[in-house]
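Topology and contacts: notes
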Amino acid sequence: MTESFPRQHARTRGFTLGAPRSFTVSDDGRRVAFLRSMAGDDPVNRLWLLDTSAGEEVVVADPVELLADPGEENLPPAERARRERARESGGGIVAYAGDPGLTRIAFTLDGRVFLADMAEGTVESLPAASGAFDPRPSPDGQRVAYVSGSGLRVVDASADGLDRPAIDEPGDTVSWGSAEFIAAEEMGRSRGFWWSPDSQRLLVARVDTAGVPVWHIASPADPAAAPVPMAYPAAGTVNADVSLAILGLDGRRVEVGWEQDAFEYLARAAWAPRSNPVITVQSRDQRTVVFLEVDPDTGATTEVARQTDKHWVELVPGTPTWTGERLVTVEDRESARCLVIDSNTATPDALQVRSVVSADEHRVVFTASDDPTEVHVWHLDGDGNLDRLSDWAGVHSAAAGGGTVVVVRAAGTDREAAVEVVTPTERMSIGSEAATPSLSPSPQFSVIGRRDLRTAVLYPSDDDGADGDSLPVLLDPYGGPHAQRVLKARSPFLVSQWFADQGFAVVITDGRGTPARGPAWERAVAGDLAHPVLEDQIDALDALAGQHPRLDLGRVAVRGWSFGGYLAALAVLARPDRFHAAIAGAPVTDWRLYDTHYTERYLGHPDQNPEAYTRTSLLELASGLSRPLLLICGLADDNVFAAHTLQLSQTLFEAGRPHQVLPLPGVTHMTPQEQVAENLLLLQRTFLFDSLDIGPQE
């Protein structure tokens, strides 16, 4: 019997299993480390190493050999939280860290610290404390620092080495060495400690959540289980108090000082490539970011550079860094997000820079888009010459070190994914074991409307258009900041194509607020996350109807998850004249219930701009519901809490408005569980058929 797409998609975790990922290149370019499982349905990741001189891939560490049952790890709560923040759905070795030369690589399994020694060809379990996570070798490879419980510890890099605390502190609200929720969820900082280049000191973050409101995640399916408390900084409330100290292996401690009242967010920290650490701090209103160099002997800080914006300063991955002695940042200038070197714009207005991959005295490697639907890898040499390293159209990412660049191309709709390792003398590939989807998406891309909206339309795979019958329309957007759906890659369209194959014309639009269209485009949602994004979906639908006459605008549904769920519910609540049914998965329904950093960036502080929160709240629109609405929420979701869905449901019920609610016990903001992922698609299909009064296709 042929396996259904929903089952295949669930079993392969969205076709991510078996694909190589998490690349790191040694500082001399001779080694490339990465993770990959053995098959497209194997969730256990192994640690691999490629020798670029020999072109040979070898398994460095295999959880199947290191653990009695690699599928049943006893993960520490902090590691579970880290995986949720990273949207990690795999198992086995899911993260690792090495010394600069990748001669020693540390990772955890089952809360234990392991160290792989490339020279000896061994993998040893170090005598570390239980419940370990985020182990990182010192640059000289002699020690491994890691977090256990609320403290930071250091263990010698040998099976009989000494394990000792670096720092800990009594109290339930204080931790050392971990990233707080806001840093990991919204700022892209998953780390809380950093080794000095001489391996003698550590820069360590202290987090105190004493002032942060405590929310609880209950398990209604298990009434005997105690609710899990979580410090959650909702918009307008108190953030965690984050500070830094420099700890010497000799026991010395130096406090790092900066204006914490003015700059309460610690966005970045790094020691290399400078001899002194550099930290990035951001104001609560996010309109100012300051780069500070730290004197490791005194803790005093000196301003290196400052960025300001009347709306917000974007935090760009990989910055700040240095090319030789020149500062590398990314800044919004006029119509572009530009690579900037020592205050000088280094990229043309046609490029929108997305991240800095690496920098040394010879070059800067970064990712950027000259077309919003594509992402490419670029190289800027010391003379200012710009070169694109990714050859094919599509979506690319990269890792680099020494003279080696790993260029990763996501699978396109017309080609498979590929990983190419480019050295100064040759090119080689890293293979994939990912499964091949049972369907092939065929999006039709368009640039339409007065705002040049990027859109994609998908028809049923077996539809040649000959009969000319109209098709019900399903909008399948994300539609909000920091994410895109209209990309020249395969993954964004797999589920959309399956829905199309059920008899829909599926429409996807990236409207205002989404990336890669320039600063003004992203800031068009400042103060209003509702009206611009919904208006763009309607404008795209109307413009596409002229090009695609088979779109039945009398039968239009919309589905989405997270911000897409918010947009879906907004559509039927605000514009029932245009949208006839909606599926809202994990939707934000009242922005006062979402976190500080994300929400206040766009809507401001609720005490200072309350009308923005009223204007964008779905609760304010609930009494007007007149269309079928399915709300879905994970009861264990610690990002968009179930309270969002339940409060909207309560408001709808009190207004006498029929709707459906699907609560998912034990499910977080992700849905990697096979049965959940499969049945979610099937249940959504049934809801859409019933709501639009259509039957399943043969």
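One structure accompanies this document, and this report is about it.

**What to know about the pattern of salt bridges**
Summed over all chains, the structure comprises 48 salt bridges. When the shortest N-O distance is used, the salt bridge between arginine 523 and aspartate 332 registers 2.9 Å. Taken together, the positions of arginine 523 in the loop between α6 (519–522) and α7 (531–547) and aspartate 332 in strand β26 (residues 326–333) put the pair 191 residues apart, joining distant regions of the chain. Among the residues examined, aspartate 332 registers a relative accessible area of 24% and is labelled partly exposed.

**What to know about the environment of threonine 173**
For threonine 173, the location among the structural elements is in the loop between β13 (163–167) and β14 (174–176). Residue class for threonine 173 comes out partly exposed when judged on its relative accessible area of 32%. Expressed as a C-alpha distance, the spacing of threonine 173 and alanine 398, which sit 225 residues apart in the sequence, is 38 Å. Here the side chain of threonine 173 touches aspartate 208 through a polar contact of 2.8 Å, side chain to side chain.

**Considerations on empty space enclosed by the protein**
The tally for this structure, following the rule as stated, stands at 2 cavities of 30 Å³ or more. Estimates place the volume of the largest cavity at around 80 Å³. If you go around the largest cavity, the residues you meet are Arg268, Thr280, Val289, Phe291, Gln307, Val313, Glu314, Leu315, Val316, Thr319, Thr329 and Val330. Elements with a contribution of two residues or more to the lining of the largest cavity: β23 (288–294) and β26. Residues of the lining of the largest cavity, tallied by class, amount to 6 nonpolar, 4 polar and 2 charged. Of the voids in this model, the second largest cavity is the one considered here, and its volume is about 40 Å³. Together, Pro372, Arg454, Gln484, Val486, Asp510, Thr514, Pro515 and Arg517 line the second largest cavity. By residue class, the composition of the lining of the second largest cavity is 3 nonpolar, 2 polar and 3 charged.

**So, the pairing of strand β4 (residues 56–61)**
The side chains of a regular strand alternate, residue by residue, between the two faces of the sheet. Judged from the 5 bridges that link them, strand β3 (residues 44–51) and β4 form a sheet pairing that is antiparallel. Its bridge partner lying in β4, leucine 49 is registered against valine 58. A loop of 4 residues connects β3 with β4, the two strands running antiparallel in sequence, and glycine 55 in this loop sits at a positive phi of about 70°.

**A word on the sheet that holds strand β24 (residues 301–308)**
Within a beta sheet, neighbouring strands are joined by backbone hydrogen bonds and run either parallel or antiparallel to one another. Ordered in space as β21-β22-β23-β24, the 4 strands form an open sheet in which the pairing is antiparallel. The sheet is open, and its two edges are formed by β21 (265–270) and β24, each paired on a single side. Between one strand axis and the next, the sheet turns by 20° as a mean value, whatever way the strands run. As paired elements, β23 and β24 share 7 bridges and run antiparallel to each other. Considered in β24, the bridge of valine 290 is made with arginine 306.

**What about the sheet that holds strand β31 (residues 376–381)?**
With respect to topology, 4 strands assemble into an open sheet ordered β29-β30-β31-β32, the strand pairing being antiparallel. Edge positions in the sheet fall to β29 (352–359) and β32 (386–388), since each of these pairs with one other strand and no more. Shown here is a sheet whose adjacent strand axes are inclined to one another by a mean of 30°, direction ignored. Sheet topology note: the β31/β32 ladder contains 3 bridges and is antiparallel. In the sheet register, histidine 379 faces β32, and the bridge partner there is aspartate 387.

**A word on helix α3 (residues 77–85)**
Residues Glu79, Arg82, Arg83, Glu84 and Arg85 constitute the buried set of α3. Of the surrounding secondary structure, the elements contacted by the buried residues of α3 are β5 (91–92), β10 (132–137) and α4 (181–186). Phi turns positive one or two residues past the end of α3, at arginine 87, with a value near 55°.

**Things to note about the packing of aromatic side chains**
Here the structure, examined in full by the defined rule, presents 20 aromatic pairs. Summarising the aromatic geometry, the rings of tyrosine 478 and phenylalanine 563 are spaced 5.8 Å apart at their centres and angled 40° between planes, so their arrangement reads as tilted. With tyrosine 478 in the loop between β39 (471–475) and α5 (494–501) and phenylalanine 563 in helix α8 (residues 563–574), the pair connects residues that are 85 residues apart, well separated along the chain. Of the residues examined, tyrosine 478 reaches a relative accessible area of 19% and is grouped as buried. In this structure phenylalanine 563 comes out as buried when scored by relative accessible area, which is 3%. One aromatic cluster is present, formed by Trp312, Tyr478, Phe563, Tyr566, Trp591, Tyr594, Tyr598 and Tyr602 through successive ring pairs. Sitting over the ring of tryptophan 48, arginine 36 keeps its end group 4.0 Å from the ring centre. Against the face of tryptophan 521 rests arginine 517, its NZ or CZ located 3.8 Å from the ring centre.

**Some details on the nonpolar core**
Of all hydrophobic cores here, the largest spans 73 residues; its most connected members are Leu475, Phe563, Phe579, Trp591 and Leu629. Among the elements that line this core, the one with the most residues is α8, at 9 residues. The contact partners of tryptophan 591, leaving out residues within four places of it in the chain, are Ala235, Leu529, Phe563, Tyr566, Tyr598, Thr599, Leu603, Tyr613 and Thr616. Core analysis: the next-biggest nonpolar cluster, separate from the first, contains 31 residues, Ile508, Ala581, Ile632 and Leu681 among them.

**Section: α8**
Taking 1.5 Å per residue as the helical rise, α8 with its 12 residues ought to reach 16 Å, and the 16 Å between its terminal C-alpha atoms agrees with that figure. Across the 12 residues of α8, 11 count as buried, placing the element largely inside the fold. Turning to α8, the residues buried within the fold contact α7, β41 (551–561), β42 (581–585), α9 (596–603), α10 (610–616) and β43 (629–634).

Criteria and cut-off values
Residues numbered from 1 in each chain as written. Predicted model: local features only at pLDDT ≥ 70, side-chain atom pairs only at ≥ 80, totals over all residues. Heavy atoms only, no water. Salt bridge = Lys/Arg side-chain N within 4 Å of Asp/Glu carboxyl O. Helix = DSSP H or I, 4+ residues; strand = E, 2+ residues; numbered from the N terminus. Buried < 20%, exposed > 50% of the residue type's maximum accessible area, 1.4 Å probe, protein only. Polar contact = N/O pair within 3.5 Å; in protein donor to acceptor, adjacent residues only side chain to side chain. 1 Å grid on protein atoms, 1.4 Å probe; cavity = no way out; pocket = protein on both sides within 12 Å on 5 of 7 lines; lining within 4 Å. Points joined across faces, edges and corners; volume = space filled by probe spheres on them. Nonpolar A, V, L, I, M, F, W, Y, C, P; charged D, E, K, R; others polar. Pairing = 2+ DSSP bridges. Axes fitted to C-alpha atoms, helices over the stretch in contact; angles between N-to-C directions. Contact = heavy atoms within 4.5 Å. Phe/Tyr/Trp six-rings, centres within 6.5 Å; stacked < 30°, edge-to-face > 60°. Lys NZ or Arg CZ within 6 Å of the ring centre and 35° of its normal. Core = buried A, V, L, I, M, F, W, Y, C linked by side-chain atoms within 4.5 Å. Expected span 1.5 Å × (residues − 1).

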